Number of protein chains: 2
Amino acid sequence: MTERSNGHRPTLEDVARRAGVSKSTVSRAINGEPKVRASVAERIRQAVDELGYVPNQAARSLVTRRNNAVAVVVTEPQNRLFVDPYFDSHLRGIRQELVHQGAQPVLLFIEEPDDYPRVGNFLGGGHVDGALLFSLRTDDPLPAMVEHMGLPAVFGGRPAIGSGHRSHTYVDADNRGGAREAVRHLVSLGRRRIGTITGPLNQASAIDRLDGYRDVLLDASPQLMAEGDFTLQGGAEAMAVLLDRCPDLDAVFVASDLMASGALRELRGRGRRIPDDVAVVGFDDLTTIAEATEPPLTTVHQDIEDMGRLMARLLFKRTSGELESRDGSHPLSSVVTPTRLVVRKSA
Amino acid sequence: MTERSNGHRPTLEDVARRAGVSKSTVSRAINGEPKVRASVAERIRQAVDELGYVPNQAARSLVTRRNNAVAVVVTEPQNRLFVDPYFDSHLRGIRQELVHQGAQPVLLFIEEPDDYPRVGNFLGGGHVDGALLFSLRTDDPLPAMVEHMGLPAVFGGRPAIGSGHRSHTYVDADNRGGAREAVRHLVSLGRRRIGTITGPLNQASAIDRLDGYRDVLLDASPQLMAEGDFTLQGGAEAMAVLLDRCPDLDAVFVASDLMASGALRELRGRGRRIPDDVAVVGFDDLTTIAEATEPPLTTVHQDIEDMGRLMARLLFKRTSGELESRDGSHPLSSVVTPTRLVVRKSA
DNA sequence: CTGAAAGCGCTAACAG
DNA sequence: CTGTTAGCGCTTTCAG
């Protein structure tokens, strides 16, 4: 059925010849423009089939300046990615919305500094109409890069200061507010020595959650704060540090569920009863984790999947409507999604 | 520093004007051709910088027919992907080799039938020089699609029959041989009632491993075989089925480590001692699993990461050297990598 | 070593 | 409704 077998892949021209019409007509037919006679359209469809014709996107996007693909860039050691259910939810939402828009999501990983130039070239090379970017550290060059090359982009999580360009569009959860609510809950339970395990403090979400903690506990001692790394293991270690420093700790706000589950393990290992001796509140509400821990985790809920959808939707506005920018004056407003406390058994 | 701020992204022409040379010279400089005077090259480099110029890949690949990007297509519900360490290793190897070749890996997921046409268009659209494809089921349309559009591709795992096109290049482990070795080991231990938990039998690897089992146990009863789905849960369930059917089972060959860990759990739950009552051998040798089970898992080792590298290398040959094909006569030979039994405590 | 000119395959006015 | 004519931004002979 393939028919070609000469050297090159069939072009519009080949199809046109075979169907006995002009290139433009074929182009119209292929792009589903209505102004093509049905019989002709059918003839074209056949030719396309017989030749196995697939439009050359490079040529097409050279003129249309679009290619219906958007990059999803994840700056994260791959191994963390494949272990953290957080990304799974995010990606699911993104995928859903992107596909809905008819755009092909293409996933790019950045694992080491060497990757930046290559990925940058890909992003700037017109392969994609826009980019969705994640997990940015304070020193991540990506925000500057996309801004510099004028690629429409939406960030997952507020880009940390340092990437400090004014007008980035992002979607973020109300990390600070959520943290406040968590800590207030602990306070309302009568807890007096409330510690916190933070995420890596070069990430905005980690900083914001710590700030929320501080908002409520204005005079909390630095002794009560330990920096984790958003992994289970890291959570356990930070918990150990905290316990060693403050044996009288009676509550802890942990900046992620994964870390909280590690903290729980450490607590149990040391014979602390939860929540009787130490109450713990997590962050994320990843049900696969929060409902599986012993006891089930009280935690701050954020709708991660929906945040993903939102990101894709914002990007779409940015790539389709030219409404804004030209002079950067009308950056599409970012959105901060609400969080809420989900009380289970750990606090 | 960005300087442009008029409407469009800078082109070769802009750079040329600014550097006071012709487009051709700029093109040469940018592509690192040696025949450009150093002083001129420097001037060009500067102009590029000042303008924030990034070559338009669409234009470039329209003429070169290359774009230094290769697709990695994963046909798998995303959630399984993000949970199975198998993919992690595979991707790591692929990434390493691809990057080494200067190619940008782009990851595409196929989760539902609707995705095929869109992904197909992307693949055929000249966005990538080739594709690495995974996890193909017997009825997967992808092999036919890439063949039809003449896109160089290498498969991870032998495409199951049914995708039956003669000349696909693939990298696969010696599943059948590995399974044989596993079962022979069980036999040598004096086991008499040896069952097997298979993977989904629409995947070649699952079929091959079952065939290996049968090679050794020519007259094994179907009662001794239960089909799993390569998940932990599925492994546990299949184990339960087997145990109900054959209470006197004294060994089981499980077609993946993840399933084996589920089987172990079920076995323990029923009070069977391992390996005393029932010996179990897995497949994959994912150390994060195999070394963590209780008892540690005897299993068939395959070097997954290396298989990934191999795939990328084969694809490279297929995309760079034109050596082969034109008439399809010289398909690049596939490679089957060896496996070996790693004996730990479970058998 | 550098420039001029000719396309790569496609879409988008503009005429019929 | 359909064909003609220009390019999109880049690489690549082919001449200087």
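Up top you'll find the structure we're talking about.
In this report, the structure presented in the accompanying data block is examined. None of the values given here were measured: they were computed from a predicted structure.

**Describing the protein's contact with DNA strand D**
If you check the shell around DNA strand D, you find 27 residues, and the closest are S24 of chain A together with T11, L12, S27 and A59 of chain B. Going through the elements one at a time, helix 2 (23–30) and helix 4 (57–64) of chain A together with helix 1 (12–19), helix 2 (23–30) and helix 4 (57–64) of chain B are the ones with two or more residues in the surface near DNA strand D. Broken down by element, the surface near DNA strand D gets its largest block of residues, 5 residues, from helix 4 of chain B. Among the residues forming the surface near DNA strand D, the class breakdown is 11 nonpolar, 10 polar and 6 charged.

**Digging into the protein's contact with DNA strand C**
Close to DNA strand C lie 27 residues; T11, L12, S27 and A59 of chain A together with S24 of chain B are nearest. Elements supplying a minimum of two residues to the surface near DNA strand C: helix 1 (12–19), helix 2 and helix 4 of chain A together with helix 2 and helix 4 of chain B. In terms of residue count, the dominant contributor to the surface near DNA strand C is helix 4 of chain A (5 residues). Its residues assigned to classes, the surface near DNA strand C shows 11 nonpolar, 10 polar and 6 charged.

**So, the sheet that holds strand 12 (residues 340–342) of chain B**
Remark on secondary structure: sheet strands pair via backbone hydrogen bonds, oriented parallel or antiparallel. All names here are of chain B. On the basis of which strands lie adjacent, the open sheet formed by 6 strands has the order 7-6-8-9-10-12 and mixed pairing. At either margin of the open sheet sits one strand with a lone partner, and together these are strand 7 (225–227) and strand 12. Neighbour-to-neighbour, the strand axes of the sheet open up by a mean angle of 20°, direction not taken into account. Relative to strand 8 (residues 251–254), strand 6 (residues 194–198) is paired through 4 bridges, and the arrangement is parallel. For G195, the partnering residue across the bridge sits in strand 8 and is V252.

**Quick look at the interface of chain B and chain A**
The interface of chain B with chain A comprises 35 residues on the first partner and 35 residues on the second. Taken together, the residues that form the side of chain B that touches chain A break down as 15 nonpolar, 15 polar and 5 charged.

**Topic: the relation of the copies chain B and chain A**
Screw-axis analysis of chain B against chain A gives a translation of 0.1 Å along the axis, an RMSD of 0.1 Å, and a rotation angle of 180°. Taken together, the rotation and translation describe the operation of a two-fold axis. Take the interface residues of chain B: 97% of them recur as interface residues in chain A, which is what a same-surface contact looks like.

**With respect to helix 1 of chain B**
Residues and elements named next belong to chain B. All of the buried residues in helix 1 are L12, D14, V15 and A19. All buried residues of helix 1 fall inside an arc of 165° around its axis, so they share one side. Contacts made by the buried residues of helix 1 are with helix 2 and helix 3 (38–51).

**Observations concerning the pairing of strand 5 (residues 169–173) of chain A**
Residues and elements named next belong to chain A. For strand 5, the buried fraction is high: 5 of the 5 residues fall into the buried class. Side chains T169, V171 and A173 of strand 5 all project onto a buried face; the interleaved residues Y170 and D172 project onto the opposite face, where all are buried too. Two strands pair when backbone bridges link them, and strand 4 (residues 153–156) and strand 5 are joined in this way by 3 bridges, in the parallel orientation. Across the sheet, residue G156 finds its bridge partner in strand 5, namely V171. When strand 5 meets strand 11 (residues 335–337), the two strands line up parallel, connected through 3 bridges. In the sheet register, V171 faces strand 11, and the bridge partner there is V335.

**Quick notes on the sheet that holds strand 10 (residues 298–301) of chain A**
All names here are of chain A. Spatially, 6 strands are ordered 7-6-8-9-10-12 in an open sheet, and the strand pairing comes out mixed. Only two strands of the sheet have a single neighbouring strand rather than two, namely strand 7 (225–227) and strand 12 (340–342). Across the sheet, the mean angle separating the axes of adjacent strands is 20° when strand polarity is ignored. Its contacts with the sheet place helix 9 (residues 175–188) against strand 6 (194–198), strand 8 (251–254), strand 9 (279–284), strand 10 and strand 12, and it is angled at close to 165° to strand 9. Against the sheet, helix 11 (residues 232–245) touches strand 6, strand 7 and strand 8, its axis set at about 145° to strand 6.

The rules we used
- Residues numbered from 1 in each chain as written.
- Chains lettered and ligands numbered in written order.
- Predicted model: local features only at pLDDT ≥ 70, side-chain atom pairs only at ≥ 80, totals over all residues.
- Near = placed C-beta within 6 Å.
- Helix = DSSP H or I, 4+ residues; strand = E, 2+ residues; numbered from the N terminus.
- Nonpolar A, V, L, I, M, F, W, Y, C, P; charged D, E, K, R; others polar.
- Pairing = 2+ DSSP bridges.
- Axes fitted to C-alpha atoms, helices over the stretch in contact; angles between N-to-C directions.
- Contact = placed C-beta atoms within 7 Å.
- Least-squares fit on C-alpha atoms with pLDDT ≥ 70 in both.
- Buried ≥ 20, exposed ≤ 12 C-beta atoms within 10 Å, placed from the backbone.
- Arc of directions from axis to C-beta.

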